[in-house]
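# Descriptive structure summary
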Amino acid sequence: MTIPARTHLLAVALLAALSATACNQRESTQEVAEDVADATQDRNEDVADARKDQQEVYADSMDDAASADPDDRGDAIEDRAEEAYNVAIAKAKGDMDIAKEKCEALAGSAQATCKDQAEAQYEAAKGKAQMTLDAERNRSDAVQKLDN
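Residues numbered from 1 in each chain as written. Predicted model: local features only at pLDDT ≥ 70, side-chain atom pairs only at ≥ 80, totals over all residues. Heavy atoms only, no water.

## A few points about the state of the cysteines
Heads up, the rule is: We call a pair of cysteine sulfur atoms a disulfide when they lie within 2.5 Å. Helix and strand definitions here come from DSSP, where helices need a minimum of 4 consecutive H or I residues and strands a minimum of 2 consecutive E residues; each element is numbered from the N-terminal end. Accessible area is worked out with a 1.4 Å probe on protein chains only. A residue is then buried under 20% of its type maximum, exposed over 50%, and partly exposed in between.
Applying the stated criterion to the full structure yields one disulfide. The partner cysteine of C103 in its disulfide is C114, sulfur to sulfur 2.0 Å. Across the S-S bond of C103 and C114 the torsion is about -75 degrees, and the bridge reads as left-handed. Of this pair, C103 sits in helix 4 (residues 70-103) while C114 sits in helix 5 (residues 108-145); the two residues are eleven residues apart in sequence, bridging distant segments of the chain. A residue is classified by how much of its surface remains accessible, and C114, at 19% relative accessible area, is buried.

## Some thoughts on helix 2 (residues 29-60)
To be explicit about the condition: Here the expected span of a helix is defined as 1.5 Å times the quantity of residues minus one. Contact criterion: two residues are considered in contact whenever any of their non-hydrogen atoms come within 4.5 Å of each other.
Here helix 2 contains 32 residues, and its C-alpha end-to-end distance of 46 Å stays within 8% of the 46 Å for a straight helix at 1.5 Å per residue. Against the buried residues of helix 2 lie helix 4.

## So, the nonpolar core
Soluble globular proteins: nonpolar side chains tend toward being buried together. Quick note on the threshold: Side-chain atoms within 4.5 Å link the members of a nonpolar core, which is a set of buried Ala, Val, Leu, Ile, Met, Phe, Trp, Tyr and Cys residues.
Counting six residues, the largest nonpolar core consists of I89, A92, M96, A118, Y122 and A129. Residue assignment for this core shows that the elements contributing at least two residues are helix 4 and helix 5. Discounting chain neighbours no more than four positions away, the residues touching Y122 are I89, A92, K93 and M96.

## A look at the side chain of R43
With respect to the helices, strands and loops of the structure, R43 is situated in helix 2. With residues up to four places along the chain from it excluded, the contact list for R43 reads K91, G94, D95 and I98.

## Quick notes on the packing of helix 4 against helix 5
Definition in use: Note on geometry: axes are C-alpha line fits, over the in-contact stretch for helices, and angles between N-to-C directions span 0 to 180 degrees. Here the angle decides the label: under 35 degrees means roughly parallel, over 145 means roughly antiparallel, 65 to 115 means roughly perpendicular, and every other value means oblique. Polarity classes work like this: nonpolar for Ala, Val, Leu, Ile, Met, Phe, Trp, Tyr, Cys and Pro, charged for Asp, Glu, Lys and Arg, and polar for all others, with Gly in that last group.
It is at 9 Å that the axes of helix 4 and helix 5 come closest, and there the two elements cross at 175 degrees. In terms of axis orientation, helix 4 runs roughly antiparallel to helix 5. Split by residue class, the contact of helix 4 with helix 5 holds 17 nonpolar, five polar and 13 charged.

## So, the pattern of salt bridges
As a reminder, the rule being used: Throughout this description, the term salt bridge denotes a Lys or Arg side-chain nitrogen within 4 Å of a carboxyl oxygen of Asp or Glu.
Under the criterion given, the structure shown has ten salt bridges. Between K91 and D95 there is a salt bridge whose closest N-O contact spans 2.9 Å. With a gap of four residues between them, K91 and D95 both fall in helix 4, about one helical turn apart. Accessibility expressed as a relative area gives 36% for K91, which makes it partly exposed. Judged by its relative accessible area of 30%, D95 is partly exposed. In this structure, K115 engages E104 in a salt bridge whose closest nitrogen and oxygen atoms are separated by 2.4 Å. One end of the pair, K115, is in helix 5; the other, E104, is in the loop between helix 4 and helix 5, and eleven residues separate them in sequence. For E104, a relative accessible area of 12% gives the class buried.

If you want it as structure tokens, here you go:
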């Protein structure tokens, strides 16, 4: 390897190291407050949209939910469960985004740890929502089997 190539590699490595540390720079209190406010507004809008969709599905599935036909009742259970899942995911994603914005007030490894915790909470919420959805799908299947 020639000296200019080593110098180039060293420069690239140094730039990468500086970029990585720049990602964990503390933001000003005002910047954090503005970012948290924006993330909160986005979360509220996304959750409101998901809840609106959920209400529409609930209204559209009223007849199926009350039907004597187990297939219809099972379909209503699953449709409603999917919308409840979508609401839970919108909320969890928004909560994670807000938490990550709050982490920006920290510096260095504290910021990285904070963001990791926010992501872990999101993954836990996602897992819980998926378990609930799976349970409702199983309940839907059980109801539909009453018809067979």
